[in-house]
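Each chain is listed here by its residues.
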Amino acid sequence: MDNLIEIKNMKYQYHKDKKLFEKFSLQLDCKRTTVITGNNGSGKTTLSKLIMGILKPLEGDIILFGDNSKNMTLSEIGQGIGYVFQYPERQLFTTSVIDELTFAQLLKGEKKEAVMEKAEEMIELFALEKARDVYPFFLSYGEKKRLAIASALMSNPKYLILDEPTASLDKDKIINLSMILNKLEEKNVGKLIITHDKNFIKEHGERVIHLDGGRIVKDEAN
Ligand SMILES: Nc1ncnc2c1ncn2[C@@H]1O[C@H](COP(=O)(O)OP(=O)(O)OP(=O)(O)O)[C@@H](O)[C@H]1O
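Conventions used here
Residues numbered from 1 in each chain as written. Predicted model: local features only at pLDDT ≥ 70, side-chain atom pairs only at ≥ 80, totals over all residues. Heavy atoms only, no water. UniProt positions renumbered as here; feature names shortened; annotations may be inferred. Helix = DSSP H or I, 4+ residues; strand = E, 2+ residues; numbered from the N terminus. Rg over C-alpha atoms; globule rule 2.2 N^0.38 Å. Buried < 20%, exposed > 50% of the residue type's maximum accessible area, 1.4 Å probe, protein only. Contact = heavy atoms within 4.5 Å. Areas by Shrake-Rupley, 256 points an atom, 1.4 Å probe, with all protein chains shown as cover. Core = buried A, V, L, I, M, F, W, Y, C linked by side-chain atoms within 4.5 Å. Pairing = 2+ DSSP bridges. Axes fitted to C-alpha atoms, helices over the stretch in contact; angles between N-to-C directions.

- The name an unreviewed UniProt entry gives the chain is Energy-coupling factor transport system ATP-binding protein, with Acetoanaerobium noterae as the organism.
- What UniProt records for the chain under Sequence similarities (unreviewed entry) is the sentence "Belongs to the ABC transporter superfamily."
- Turning to the chain, the UniProt annotation filed under Subcellular location (unreviewed entry) states: "Cell membrane".

This is the structure we're talking about:
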């Protein structure tokens, strides 16, 4: 139970006359890597936003590591699950890379020394040394993406959700991202990766779920 995300009989739709998720159930093992793929509009991003509590199910339950997400704040959900948006600009708020990495934890009242130490570890892991004091707005797309992942990892989440992590990255950056994601495995952080990228699916998809119109049409273990 501690390692599971359980979605039970969930209903969600944006408009009453356009169904999306209906009696949708899914269990995710948070020690593993699961890929969700499917055509545009099949519900992948909506599903991840429902897990993160950004959207609320109209019916049914989402149980995160044994706790019903209905009874959790966004911040509590964010402590357990890191979320990397498709467009990294949407989650970068501060005026330097080091501030971006530290502000949320400092705001929560964590000890400055420990937060700084973790931030330096992330800067090294994500090769952001030269960008340490740069305004995130001026970073390259690849650096923004790496910073977004590094920021999501600052709270030591059990699980990481990445929405289209390879979009707009060149081949070298994708290889670099793959290496980082493999390192997370060593740290026992499981992942849910939303992607269309066939090579990335092949490399990371221990389990591959295909969505179509809010329904699971294929669920394969590799
Ligand atoms: N904010 C919104 N308001 C209304 N409808 C929405 C909204 N966001 C998504 N939808 C609709 O919900 C359905 C699922 O969208 P979603 O973005 O979850 O799909 P997706 O599989 O992630 O697509 P993509 O691969 O293009 O990112 C689509 O029909 C989409 O048009």
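Some details on the overall build of the chain
Part 1 of the argument: From N to C terminus, the chain includes seven helices and ten strands.
Part 2 of the argument: In summary, the chain has a C-alpha radius of gyration of 17 Å against a globular reference of 17 Å for 222 residues, a match within 12%.
Part 3 of the argument: Referenced to the eigenvectors of the C-alpha coordinate spread, the extents of the chain come out at roughly 50 × 40 × 35 Å.
Part 4 of the argument: Taking all 222 residues of the chain together, 50% fall into the buried category.
Part 5 of the argument: Once local pairs closer than 6 in sequence are excluded, the contacts in the chain between residues at least 24 apart make up 67%.
Part 6 of the argument: A total of about 11600 Å² of accessible surface is found on the chain, and carbon and sulfur atoms cover 50% of it.

Some thoughts on the nonpolar core
Part 1 of the argument: L101, M122, F126, I149 and L160 are the most contacted members of the largest nonpolar core, which has 35 residues in total.
Part 2 of the argument: Among residues more than four places away in sequence, those in contact with M122 are L101, A150, L153 and M154.
Part 3 of the argument: Judged by nonpolar contacts, the second largest core, of 29 residues, contains Y12, F21, L55 and I62.

Quick word on the sheet that holds strand β8 (residues 190–194)
Strands belonging to one sheet form pairs held by backbone hydrogen bonds; the direction of such a pair is parallel or antiparallel.
Part 1 of the argument: With respect to topology, six strands assemble into an open sheet ordered β6-β7-β8-β3-β9-β10, the strand pairing being mixed. Two strands close off the open sheet at either side, each with one partner strand: β6 (81–84) and β10 (215–221). Within the sheet, the average angular offset between the axes of one strand and its neighbour, ignoring direction, is 15 degrees.
Part 2 of the argument: One ladder, built from four bridges, connects β6 with strand β7 (residues 159–163); its direction is parallel. The partner of I81 across the bridge, within β7, is Y159.
Part 3 of the argument: Helix α6 (residues 171–186) rests against β3 (33–38), β7 and β8 of the sheet, and its axis sits at about 150 degrees to β8.

So, the sheet that holds strand β1 (residues 4–12)
Part 1 of the argument: Pairing is antiparallel across the open sheet formed by four strands, whose spatial order is β2-β1-β4-β5. Pairing within the sheet leaves two strands with one partner each, and these edge strands are β2 (21–29) and β5 (67–68).
Part 2 of the argument: In this structure, β1 lies alongside β2, joined through six bridges in antiparallel fashion. Residue Y12 lies in a different strand from β2, and its bridge partner there is F21.
Part 3 of the argument: Across the sheet, helix α1 (residues 44–51) touches β1, β2 and β4 (59–64), and the angle it forms with β1 is around 115 degrees.

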